[in-house]
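# A closer look at the structure
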Amino acid sequence: MKTASTCLVVHDADMLQVEEKDELYRMLELEAKGHDAAVLKSYEWFVTTAAREFDIKIGKCWALRKPVFNRMTLLKSVHIYKKHRVQYEIRTHYRFMQFHQLTGSTADTFLEYVQRNLPEGIGLKVTRVLARSLPSHLVPPS
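Residues numbered from 1 in each chain as written. Predicted model: local features only at pLDDT ≥ 70, side-chain atom pairs only at ≥ 80, totals over all residues. Heavy atoms only, no water.

The name given to the protein in an unreviewed UniProt entry is Small ribosomal subunit protein uS10m, with Dryococelus australis as the source organism. Entered under Sequence similarities (unreviewed entry) in the UniProt record, the comment concerning the protein runs "Belongs to the universal ribosomal protein uS10 family." In its Subcellular location (unreviewed entry) section, the UniProt record describing the protein reads: "Mitochondrion". (UniProt positions renumbered as here; feature names shortened; annotations may be inferred.)

Right, dumping it as structure tokens:
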């Protein structure tokens, strides 16, 4: 059995198996955006319930107070009647969820479960923050 700094290599007769060390995440942030606030609120409940089942530490969950508006003004007619216009608006609601102190395998399993059950019309952005030890030159003097 050989041991390396980043992975464990086990040599058998005909089998070569490589096992990598599990990463530790300090924080996992999910940003969900969609056009229906009720669907986003329901999805947040689903995600936090799933996190409780996985024994994941739940941080802050919040939403923006107002949706983000995207307005477009177009002419009703293609060539003439410049005074006759139509205005369209798209409202985008956001929900943010934070989870703390996860291992890499737990985070991957949790994210796969959450992303497979993503409702229609909702986009999900995942931000992972790795937990690393301080380098030796940054340790305070004793």
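Another point: a nonpolar patch on the surface. On the surface, a cluster of nonpolar side chains totalling about 360 Å² of accessible area is made up of Met 72, Leu 74, Tyr 88 and Ile 90. At the level of elements, strand 6 (68–75) and strand 7 (85–103) are the ones that each hand at least two residues to the nonpolar patch. Mapped onto the elements of the fold, Leu 74 is located in strand 6. (Patch = residues over 30% accessible without salt bridge, like charges linked within 9 Å, V, L, I, M, F, W, Y side chains within 5 Å. Areas by Shrake-Rupley, 256 points an atom, 1.4 Å probe, with all protein chains shown as cover. Salt bridge = Lys/Arg side-chain N within 4 Å of Asp/Glu carboxyl O. Helix = DSSP H or I, 4+ residues; strand = E, 2+ residues; numbered from the N terminus.)

Here we come to the packing of aromatic side chains. Enumeration according to the criterion identifies 7 aromatic pairs in this entry. These aromatic residues form a ring-pair network of at least three members: Tyr 43, Phe 46, Phe 54, Phe 99, Phe 110 and Tyr 113. A cation over a ring is seen here: Arg 71 above Phe 69, with NZ or CZ 4.9 Å from the ring centre. (Phe/Tyr/Trp six-rings, centres within 6.5 Å; stacked < 30°, edge-to-face > 60°. Lys NZ or Arg CZ within 6 Å of the ring centre and 35° of its normal.)

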